[in-house]
Amino acid sequence: MTRRFTQAIVRTPSPSMIEGLTSADLGAPDFHLALEQHHQYIEALRQCGLKVTVLEPLDAYPDSCFVEDPALCTEHCAVITRPGAPSRRGEAALIKAAVGFFYDYMEQIEAPATLEAGDVMMVGSHYYIGLSDRTNQEGANQLIAHLRRYNMTGSVVPMKEMLHLKTGVSYLENNQMLVCGEFARNDMFSEFDCIEIPTEEAYAANSVWVNDKILTPAGFSQSHRLMREAGLELIELEMSEFQKLDGGLSCLSLRF
Ligand code: GLY
């Protein structure tokens, strides 16, 4: 049975976000437009029935609005990660209290491991872990060991091109999965009902299931047609300013 989320944690973007990490070549984000888009994102989470905890901006960490990376929230425990991007490493300690408020059991990824939870995709009680530039094998090993202690499992996904695993693959419950680029027609995902996102709309591959609705970035009509044909109910959100920082919809919240 599909579980339902009741809580989300987000962090308000800081004006320093314009200096965030990016490979996108889309220009610097407009901070005020980003705040408006972030507000709409929070409203969409509330529309899906979630209670949203909004954390204060962190000026010292330009990418800290992407709260998904420094923590993994599972059904049984939370794992504080060790981000692979040096400029983001300090975000982990700064999200611990907010996550700990909701969890009795907390685990920690320790050096020399690196792991960003944008590389971790939940499918029931199994977690796929992408080996990216941000997440190393030791990070995957430590996470799998933590998961096992709570009767959950994990497996690694080799990857070459994407920033994070969930940049190119999203599980949307009910066996449905969006796949794009290097993850399209990947044998690892052959058991799922895959919807292939066209490469020219790759940003739409990061869409998020929240209680039977799909939050998806606005402006990707081919992808949205395919998703609607598959019976999915979409909430389209303007995400242009976060796309400029390689940031997807999933990166902007922890959902549990
Ligand atoms: N700008 C998001 C990241 O690179 O982590």
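Refer to the structure printed above.
Here is a short report on the structure shown in this document.

Definitions and limits used
Residues numbered from 1 in each chain as written. Predicted model: local features only at pLDDT ≥ 70, side-chain atom pairs only at ≥ 80, totals over all residues. Heavy atoms only, no water. Phe/Tyr/Trp six-rings, centres within 6.5 Å; stacked < 30°, edge-to-face > 60°. Helix = DSSP H or I, 4+ residues; strand = E, 2+ residues; numbered from the N terminus. Buried < 20%, exposed > 50% of the residue type's maximum accessible area, 1.4 Å probe, protein only. Pairing = 2+ DSSP bridges. Axes fitted to C-alpha atoms, helices over the stretch in contact; angles between N-to-C directions. Contact = heavy atoms within 4.5 Å. Near = heavy atom within 4 Å. Polar contact = N/O pair within 3.5 Å; in protein donor to acceptor, adjacent residues only side chain to side chain. Areas by Shrake-Rupley, 256 points an atom, 1.4 Å probe, with all protein chains shown as cover. Nonpolar A, V, L, I, M, F, W, Y, C, P; charged D, E, K, R; others polar.

In the structure shown here, the tally under the stated rule is 11 aromatic pairs. On the basis of an interplanar angle of 85° and a centroid distance of 6.2 Å, the ring pair of phenylalanine 66 and phenylalanine 242 is categorised as edge-to-face. Of this pair, phenylalanine 66 sits in the loop between β2 (51–55) and β3 (71–73) while phenylalanine 242 sits in helix α6 (residues 240–243), and the two are 176 residues apart along the sequence. Phenylalanine 242 carries the same exposure label as phenylalanine 66, and that label is buried. Taking the centre distance of 5.1 Å and the plane angle of 65° together, the rings of phenylalanine 102 and phenylalanine 256 count as edge-to-face.

Bringing the sheet that holds strand β4 (residues 78–80) into the picture now. In sheet architecture, strand pairing relies on hydrogen bonds along the backbone and comes in two forms, parallel and antiparallel. One open sheet accounts for 3 strands, arranged β3-β4-β5; its pairing is mixed. Unpaired on one side and paired on the other, β3 and β5 (106–108) mark the two borders of the sheet. Ignoring which end each strand starts from, the neighbouring axes of this sheet average 20° apart. Strand direction decides the pairing type here: β4 and β5, joined by 3 bridges, are parallel. Bridged to alanine 78 within β5 is methionine 106. In the packing of helix α2 (residues 91–100) onto the sheet, contacts are made with β3, β4 and β5, and the angle to β4 comes to roughly 165°. Across the face of the sheet, helix α3 (residues 137–149) comes into contact with β3, β4 and β5 while running at roughly 160° to β5.

Moving on, we come to the site of the ligand. Lining the immediate environment of the ligand, one finds Leu21, Asp63, Phe66, Arg88, Arg134 and Leu245. Here aspartate 63 contributes a side-chain N or O atom positioned 2.7 Å from a nitrogen atom of the ligand. Contact between the ligand and arginine 134: an oxygen atom at 2.8 Å from a side-chain N or O atom of the residue. Isolated, the ligand exposes 200 Å² of accessible area, and the fraction of that covered by the protein chains is 98%. In terms of residue class, the shell around the ligand is made up of 3 nonpolar, no polar and 3 charged.

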